[in-house]
Amino acid sequence: MSNFVDRADPRYGTLKGSRNLRWPRDPQDTASEIALCATAQDAAAALERLVHEGVRPTIRSGGHCYEDFVVNNRNGCILDMSVMKAPEPRAGKGSYAVAPGQMLGEVYEELYKRYNKTLPAGSCYAVGAGGHISGGGYGLLSRLHGLTCDWISAVDILTVDGKGKVALRHTDKSHDADLFRACRGAGGGSFGVITGFYFDELPDAPQEVAEAHVGFEWDKTDEDTFVEILQTFGGYWETRGQDPDTWGLFSIMNMSHASGGHFGFGSQFCNPNGRADDLKVFEEFLGRFEKFTRAEAKIRVNADRQMVQPQPATPPNTDGHGSFDIQKRQWLEATISGSGGGGSGRASYKSSYMKKNFSDQEARCIYRHFTRKVEGIDPRGMVLAVDSYGGAANKRGTAEETSICQRDSVMKLQWENYWRDADQDAARLQLAKEFYADLYSIHVDAAHKGTPYHNERYQGCYINYPDSDMLAYSFWPQLYWGEGELYPFLQDVKRRYDPNNVFHHAMSVRV
Ligand SMILES: Cc1cc2nc3c(=O)[nH]c(=O)nc-3n(C[C@H](O)[C@H](O)[C@H](O)COP(=O)(O)OP(=O)(O)OC[C@H]3O[C@@H](n4cnc5c(N)ncnc54)[C@H](O)[C@@H]3O)c2cc1C
């Protein structure tokens, strides 16, 4: 039976808390609860009670949501799935099973140790499977093996019908196939409570990976050089990065304000056989940056992706890898060590998909924002992270089978904005808004100005990086789910399986 935690319980304050300290506590919320659900039966019983009493449920697994879709639920109840660490075994439902409450790091460790398999999923240990996989899932192996949701073969989900009856549905391609597709990437919190993900097949885990971190110093980088660096990075993913022999290469360029001193990228590589013995592809990629780098300018990109940390100077490399310091590590260690993501602070996020390399104007706009004078706040807390994309993530047919339509992009961008003090909220949010609006006014038509709306260069935004600023645009669903049949399809699924809109939040699929 679920364990209901109310205000009288000493755990309430902790369990009600959120990672993002930006969400204010609602003073009118005097009766909300948290239901800790360790099994699908716990969650079904809790849900039945809530529906019967007319109390709104929200769902939490890892608690890493970028927006306040879960915590502030006035006098409602959070169904907390983080204690559900083992899914129900299902005969014939897939050889591998993942529970919503498992953290990605736990999933990696278990799949590796028990089966020598892995999921191509996100890079932070503490992100929850429940939200991550239902929103698509993307990580360092996604160019090699696709998105997490591409591999799902069955999903168990609790839904509530028009009469308030709770049902546990075992969905797959032959049972509630429409709901199954919606669970593969449309985003959490729209259709029901997912209690298990099942996979018939999974890729073998790599044995080892090669890594390199390349850095540039802002004070030695003039505008033209910055443009050239960025276009060298983006140009690779648009051209050479499409070739299958490069799909084992993933890279993330982290840029932040020039007053921080450095920017740079971290890369991970393995060959399709899961080894890092042939480094030709990696060396060729790094070689493109040789002319820009100086040995003293190396930096290390924090695996938590929350900051760019200067490292002590490294002497020029003499091991035959040009001037780059390529390190080999065991894959499991590279994947889980230092990949926490469990801390809290104030934060905001934005995203975009790019189908082409940075244009001259885009690169100059980014340079302008990272070198401009900012009064009143320390601008270093804002990072623009440019992830390589494409490869197996763009495999034909996956857009139609899943609910992720962005299958032509070569880079995925994420603005991460971190700070401590509440009195900086307005200025911080404004800084990110101006940057984003400026960048997406260059190559976007008047009707969609200020957004990366679908055109020959852009492919909208990522639902696992939801940004409530996008709600200001009537076309916000198309930004996340595309202009085609997907959003109307998801609305049909919503009408069919959640006709009373029991599961909703600011950016859920509308009935
Ligand atoms: C530090 C950090 C690093 C990240 N790194 C990556 C990355 O490398 N790649 C990537 O693709 N994304 C990444 N993300 C984004 C992440 O995938 C999303 O925030 C994801 O939705 C988090 O899932 P969660 O279960 O932890 O969050 P939660 O806050 O628990 O849930 C997120 C959403 O999913 C819903 N939900 C949760 N559980 C369920 C369930 N069981 N059934 C139905 N709906 C549910 C919630 O209601 C909410 O709407 C990162 C986020 C953070 C904070």
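Quick caveat, the model's predicted, so the values are computed rather than measured.

A. Focus on the overall build of the chain. Each helix and strand counted, the chain has 14 helices and 17 strands in total. A compact globule built from 511 residues should have a C-alpha radius of gyration of about 24 Å, and the chain, at 22 Å, falls within 12% of that. Seen through its principal axes, the chain has C-alpha atoms that stretch 65 × 50 × 45 Å. Among the 511 residues that make up the chain, the fraction classed as buried is 59%. Excluding contacts between residues fewer than 6 apart, the proportion of contacts in the chain whose partners are at least 24 apart in sequence is 74%. For the chain, the accessible area works out to roughly 19,600 Å², and carbon and sulfur atoms hold 49% of it. Charge separation in the chain, taken as the distance between the mean sites of 57 positive and 67 negative side-chain charges, equals 2 Å.

B. Quick peek at helix 3 (residues 104-115). Between its first and last C-alpha, helix 3 extends 16 Å over twelve residues, near the 16 Å set by a 1.5 Å rise per residue. Buried residues in helix 3 make contact with strand 5 (96-98), helix 4 (129-134) and helix 9 (331-336). In the segment just after helix 3, Asn116 is the residue with positive phi, at about 60 degrees.

C. Inspection of the state of the cysteines at higher detail. Per the stated rule, a full pass over the model turns up zero disulfides. Note on Cys405: no disulfide assigned, nearest cysteine sulfur contributed by Cys461 at a separation of 10 Å. Exposure remark for Cys461: the relative accessible area of 1% places this residue in the buried category.

D. Quick look at the sheet that holds strand 11 (residues 262-269). In spatial order, the strands read 14-9-11-10-16-17-15; together these seven strands make up an open sheet with antiparallel pairing. Either end of the sheet is taken by a strand with one partner, and the two such strands are strand 14 (327-330) and strand 15 (346-354). Going across the sheet, the axis of each strand differs from the next one's by a mean of 20 degrees, ignoring polarity. The sheet contact formed by strand 16 (residues 382-388) and strand 17 (residues 411-419) spans seven bridges and is antiparallel. In the strand pairing of strand 17, Met382 is matched with Asn417. Together, strand 9 (208-217), strand 10 (249-256), strand 11, strand 16 and strand 17 form the strand contacts of helix 7 (residues 223-238), whose direction differs from that of strand 10 by roughly 155 degrees.

E. Layout of helix 12 (residues 425-439). For helix 12, with 15 residues, the first-to-last C-alpha span of 22 Å sits near the 21 Å given by 1.5 Å per residue. Buried within helix 12 we find Asp425, Arg428, Leu431, Ala432, Phe435, Tyr436 and Leu439. Take helix 12 and look down its axis: the buried residues cluster within an arc of 140 degrees, on one side only. Packed against the buried residues of helix 12 are strand 15, helix 10 (360-371), strand 16 and strand 17.

F. Quick look at the domain arrangement of the chain. As far as domains go, the chain holds domain 1 (3-83), domain 2 (96-205 + 488-497) and domain 3 (208-472). Summarising the inter-unit geometry, the C-alpha centres of domain 2 and domain 3 are found 26 Å apart. Listed per partner, the contact involves 36 residues of domain 2 and 40 residues of domain 3. Both faces considered, domain 2 and domain 3 share a buried interface measuring about 2,900 Å² in area, 58% of it formed by carbon and sulfur atoms. Together, Tyr138, Arg143 and Leu144 form the three largest contributors to the area buried by domain 2 at its contact with domain 3, with a combined 30%. For the pair domain 2 and domain 3, the number of links is two salt bridges. Measuring nitrogen to oxygen at the nearest pair gives 2.7 Å for the salt bridge that ties Asp150 to Arg407. For the pair domain 2 and domain 3, the interface holds 17 residue pairs in polar contact (both at pLDDT 80 or more). For the side of domain 2 that touches domain 3, the secondary-structure elements that each account for two or more residues are helix 3, helix 4, helix 5 (142-145) and helix 6 (177-182).

G. Here's a closer look at the site of the ligand. In the vicinity of the ligand there are 33 residues, among which Ile59, Ser61, His132, Tyr138 and Tyr462 approach most closely. Note that an oxygen atom of the ligand is positioned 3.0 Å from one of the backbone N or O atoms of His64. In the model, an oxygen atom of the ligand is placed 2.8 Å from a nitrogen or oxygen of the His132 side chain. Computed on the free molecule, the ligand has an accessible area of 960 Å², of which 96% lies beneath the protein chains in the complex. Contributing elements (two or more residues each) for the shell around the ligand: strand 3 (57-60), helix 4 and strand 8 (193-199). Among the elements that take part in the shell around the ligand, helix 4 stands out by supplying three residues, more than any other. Residues that form the shell around the ligand fall into these classes: 13 nonpolar, 17 polar and three charged.

H. Seen up close, the packing of helix 7 against helix 8 (residues 280-287). One way to put it is that helix 7 packs onto helix 8 with a least axis distance of 10 Å and a crossing angle of 145 degrees. Along its contact with helix 7, which presents Phe233, Tyr236 and Trp237, the element helix 8 presents Val281, Glu284 and Phe285. Residue composition of the contact of helix 7 with helix 8, grouped by class: five nonpolar, no polar and one charged.

I. Spatial organisation of the environment of Ala506. Mapped onto the elements of the fold, Ala506 is located in the segment after helix 14 (486-497). Ala506 sits in the partly exposed class, given a relative accessible area of 37%. The sequence separation of Ala506 and Glu67 amounts to 439 residues, and the corresponding C-alpha distance is 8.7 Å. Leaving out residues up to four positions away in the same chain, Ala506 has contacts with Phe69, Leu471 and Trp476.

J. Region of the structure containing the nonpolar core. In this structure, Leu119, Met255, Phe282, Phe285, Ile366 and Trp481 are the most contacted members of the largest nonpolar core, which totals 124 residues. The biggest single contributor to this core is helix 7, with seven residues. In this structure Met255 touches Phe226, Leu230, Phe263, Ile366, Phe370, Met382, Val383, Leu384 and Val386, once residues within four positions along its chain are discounted.

Thresholds, definitions, all that
Residues numbered from 1 in each chain as written. Predicted model: local features only at pLDDT ≥ 70, side-chain atom pairs only at ≥ 80, totals over all residues. Heavy atoms only, no water. Helix = DSSP H or I, 4+ residues; strand = E, 2+ residues; numbered from the N terminus. Rg over C-alpha atoms; globule rule 2.2 N^0.38 Å. Buried < 20%, exposed > 50% of the residue type's maximum accessible area, 1.4 Å probe, protein only. Contact = heavy atoms within 4.5 Å. Areas by Shrake-Rupley, 256 points an atom, 1.4 Å probe, with all protein chains shown as cover. Lys, Arg positive; Asp, Glu negative; His and termini not counted. Charge placed at Lys NZ, Arg CZ, Asp CG, Glu CD. Expected span 1.5 Å × (residues − 1). Disulfide = S-S within 2.5 Å. Pairing = 2+ DSSP bridges. Axes fitted to C-alpha atoms, helices over the stretch in contact; angles between N-to-C directions. Arc of directions from axis to C-beta. Domains from an automatic or database assignment. Buried area = accessible area lost by both parts, 1.4 Å probe. Salt bridge = Lys/Arg side-chain N within 4 Å of Asp/Glu carboxyl O. Polar contact = N/O pair within 3.5 Å; in protein donor to acceptor, adjacent residues only side chain to side chain. Near = heavy atom within 4 Å. Nonpolar A, V, L, I, M, F, W, Y, C, P; charged D, E, K, R; others polar. Core = buried A, V, L, I, M, F, W, Y, C linked by side-chain atoms within 4.5 Å.

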